[in-house]
Amino acid sequence: MPRHLPLASLLTAALVAATGASAAATEPGDAFDEALLEAKIAEFAEIGGFTVIAEARDGDETWTGAVGDRGLDGGEAAEPDDRVRIASLTKSMISVILLQLQDEGAVDLDGVLGDHLPGLLPYEDEPTIRQILSHTGGLDDYFVHLYPSLLENDISDVEADHRVHHSPEALIEMSTEGPLLFPPGEQWSYSNTGYMALGLLIEELTGNSLGHELDQRVFEAVGMDDSYLPHDDSSGFRGDHLVPYLSTGDLDRPYFDTSELSNTQLWAAGGVIAELADVNDFYRAFADGTLLSEEQLAEATVYVPTELGFDYGLGLTGLQLGCPDDPEAMHLGHTGGGLGHQTYSFHSADGERQMSFSWNLDDRHYADPAEVQWALFGLLVAGLCGVDIDEEPGVMTFAPQDLMLTNG
């Protein structure tokens, strides 16, 4: 049985990569190898036993792929534009909004939430907004308290309570009854709780719902016509989508359909539902000046190292892949686990070379997790580096047995 960190985690790949590398823009290389991408997506889907959809871009060129049916029990074939819960990719959008609000003079990221929402975080030594954005604030994670059985790879708590609606305040309260995990700024620990608090901050600062601000500042600004934050106290999806599943470990009923998960359980920490073309549009707009100024982008990409081998900025993961054309290049993006849907989305720092893909099974019971995880990164590297990791020993300089899939 593979190890999994709680849903608080993200991208738990133990990359052997230098931290603090330059995030300077990189020129995309030759057009990607479509035959290689077709082979890698098929390999990943077959080894994992799930459905995979993907979109890769190199400048103006685009490749899309889909392998499998929308549901694991058959039915209609999946399409590259099917919607998924993009989960923690939402955090990059929250970061954009707060950086814009800071530029407008509405907030100081080096201030604290208590300046605007007194008592929301019950700590005398309150982390700054910037520390919450970068997961260095010491906040615990509410998923550990909402679904404690997941720590044992047991989904019984999810089966019982996945349709229960929760307010952001209730989720924050359940995870702040204890002390901070560490003094703010001294360590790094992924916290969905912090982003729930940031969603409330955005609503306090603007006087509008978080969904309204995402619509105005992100979706409409970028042209993300097929993306949305679900309404409060709702469940499920609008439009065609992959059916999301958790694995159970029970051979008689191996999968549990999480389509009716309450959307309140993710909200500002990971509630956006989108198609992958919109995701790529968003991260290109993140990098190219559409959403952020050069100064704001520089602020977002001040990365702090983590013990998990990647770096983290403001709602943004920085990842070195060791691509042969620029081994030191830092790719920006995020990963997301939406209790069934899982998504990886990474991009060259100039937004020209892009790779996003999703699959529809959070499987805690892989027979050979290292094989699945190597196939995952094979697809990622094929899209961003244009090479086959099985033939390029200098790419992804870590052992596949060190990798873990994650949720976050």
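Given the structure is predicted, the values throughout are model-derived calculations rather than measurements.

Q: Would you take a moment to explain the overall build of the protein chain for this structure?
A: For the protein chain, the count of helices and strands is twelve helices and 15 strands. Put simply, the protein chain has 408 residues, and 61% of those count as buried. Considering only residue pairs separated by 6 or more positions, the protein chain has 73% of its internal contacts joining residues 24 or more positions apart. Accessible surface computed for the protein chain: about 14800 Å², of which carbon and sulfur atoms make up 45%.

Q: Just to check I follow, could you spell out the sheet that holds strand S12 (residues 330-338) for this structure?
A: Where strands meet in a sheet, backbone hydrogen bonds hold them as pairs that are either parallel or antiparallel. A sheet is described by the order of its strands in space; here eight strands give the open sequence S2-S1-S14-S13-S12-S11-S10-S9, paired in antiparallel fashion. Only two strands of the sheet have a single partner each, and these edge strands are strand S2 (61-67) and strand S9 (304-305). Relative to strand S13 (residues 341-347), S12 runs antiparallel, the two being bridged by seven bridges. If you follow Gly338 over to S13, its bridge partner there is His341.

Q: Even after reading the chapter, I still don't get the pairing of strand S14 (residues 353-359), so can you show me in this structure?
A: Side chains on a regular strand alternate between the two faces of the sheet. Of all seven residues in S14, seven are buried, a share of seventy percent or more. Burial of S14 is two-sided: the residues Arg353, Met355, Phe357 and Trp359 facing one way and the residues Gln354, Ser356 and Ser358 facing the other way are all buried. Of the strand pairs in this sheet, strand S1 (residues 52-58) and S14 are connected by seven bridges, and their pairing is antiparallel. Paired with Ala54 across the bridge in S14 is Phe357. Taking the residues that link successive antiparallel strands as the turn, the S13-S14 hairpin has five residues, and the phi of Gly351 there is positive, at about 75 degrees.

Q: I'm lost on the sheet that holds strand S15 (residues 361-362) in this one. Help?
A: Read across the open sheet, the three strands follow the order S7-S6-S15; overall the sheet is mixed. Every other strand in the sheet has two partners, leaving strand S7 (255-257) and S15 as the edge strands with one partner each. Pairing of strand S6 (residues 245-247) with S7, which is carried by three bridges, proceeds in the antiparallel orientation. Residue pairing in the sheet places Leu246 in a bridge with Phe256 of S7.

Q: Help me understand the pairing of strand S4 (residues 74-77), please; the structure alone is not making it clear to me.
A: With two bridges joining them, strand S3 (residues 69-71) and S4 adopt antiparallel strand pairing. Among the inter-strand pairings, Asp69 is bridged to a residue of S4, identified as Ala77. Linkage of S3 to S4, two consecutive antiparallel strands, is achieved through a turn of two residues.

Q: Would you explain the packing of aromatic side chains in this entry?
A: Both the distance between ring centres and the angle between the ring planes are used here to describe each pair of aromatic rings. In this structure the tally under the stated criterion is 19 aromatic pairs. With 4.9 Å between their ring centres and 70 degrees between their planes, Phe44 and Phe50 make a pair best called edge-to-face. For the pair Phe44 and Phe50, a shared accessibility class is recorded, and that class is buried. On the basis of an interplanar angle of 25 degrees and a centroid distance of 4.9 Å, the ring pair of Tyr142 and Phe143 is categorised as stacked. With relative accessibility at 0%, the residue Tyr142 sits in the buried group.

Q: Is there a simple way to think about the packing of helix H2 (residues 90-103) against helix H8 (residues 210-222) in this case?
A: When two helices pack together, their arrangement is given by the angle between the helix axes and the distance between those axes. Two elements in contact, H2 and H8, have axes separated by 10 Å at closest approach and are oriented at 80 degrees. Between H2 and H8, the crossing angle belongs to the class labelled roughly perpendicular. Contact with H2, carried on its side by Met93, Ile94, Val96, Ile97, Gln100 and Leu101, involves Leu210, Glu213, Leu214, Arg217, Val218 and Phe219 of H8 and no other residues of that element.

Q: Just to check I follow, could you spell out the nonpolar core for this structure?
A: For soluble globular proteins, the rule of thumb is that nonpolar side chains tend to be buried together. Judged by nonpolar contacts, the single largest core of 113 residues is most densely connected at Phe44, Leu98, Met355, Phe357 and Leu380. Here this core takes ten residues from helix H12 (residues 369-384), the largest share from any one element.

Q: Would you mind going over the state of the cysteines with me for this structure?
A: Simply put, disulfide is the name for a covalent bond between the sulfur atoms of two cysteines. Scanning the entire structure with this criterion turns up one disulfide. Bridging Cys323 to Cys385, the disulfide has an S-S length of 1.9 Å. Around the S-S axis, the bridge from Cys323 to Cys385 shows a dihedral of about -55 degrees and counts as left-handed. With Cys323 in the loop between strand S11 (317-320) and S12 and Cys385 in the segment after H12, this residue pair connects regions lying 62 residues apart in the sequence.

Q: Is there a simple way to explain the pattern of salt bridges in this structure?
A: Pairing between side chains of opposite charge can happen when their charged atoms approach one another. In this structure the tally under the stated criterion is 18 salt bridges. One salt bridge connects Asp110 with Arg130, and the closest N-O pair in it is separated by 2.8 Å. Placement of the pair is Asp110 in the loop between H2 and helix H3 (129-133) and Arg130 in helix H3, with a sequence separation of 20 residues. Overall, Asp110 belongs to the partly exposed group, its relative accessible area being 47%.

Q: So what exactly am I meant to see when it comes to the confidence of the model for the protein chain here?
A: Here the protein chain averages 89 in pLDDT, while 88% of its residues score no lower than 70. Confidence drops under a pLDDT of 50 for residues 1-29, and excluding neighbours within four residues, the segment shows 109 contacts in the predicted structure. Below a pLDDT of 50 lies the segment residues 397-407, which in the model reaches 46 contacts outside its immediate sequence neighbourhood of four places, other chains included.

Q: How should I be thinking about H12 in this particular structure?
A: One turn of an α-helix holds 3.6 residues; hence residues three or four places apart share an orientation. Taking 1.5 Å per residue, 16 residues should reach 22 Å; H12 reaches 23 Å between its end C-alpha atoms and fits that length. In terms of burial, H12 is largely enclosed, as 13 of its 16 residues are buried. Phi for Gly386, located one or two positions after H12, is positive at around 70 degrees.

Definitions and cut-offs
- Residues numbered from 1 in each chain as written.
- Predicted model: local features only at pLDDT ≥ 70, side-chain atom pairs only at ≥ 80, totals over all residues.
- Heavy atoms only, no water.
- Helix = DSSP H or I, 4+ residues; strand = E, 2+ residues; numbered from the N terminus.
- Buried < 20%, exposed > 50% of the residue type's maximum accessible area, 1.4 Å probe, protein only.
- Contact = heavy atoms within 4.5 Å.
- Areas by Shrake-Rupley, 256 points an atom, 1.4 Å probe, with all protein chains shown as cover.
- Pairing = 2+ DSSP bridges.
- Phe/Tyr/Trp six-rings, centres within 6.5 Å; stacked < 30°, edge-to-face > 60°.
- Axes fitted to C-alpha atoms, helices over the stretch in contact; angles between N-to-C directions.
- Parallel < 35°, antiparallel > 145°, perpendicular 65-115°, else oblique.
- Core = buried A, V, L, I, M, F, W, Y, C linked by side-chain atoms within 4.5 Å.
- Disulfide = S-S within 2.5 Å.
- Salt bridge = Lys/Arg side-chain N within 4 Å of Asp/Glu carboxyl O.
- pLDDT = per-residue confidence, 0-100.
- Expected span 1.5 Å × (residues − 1).

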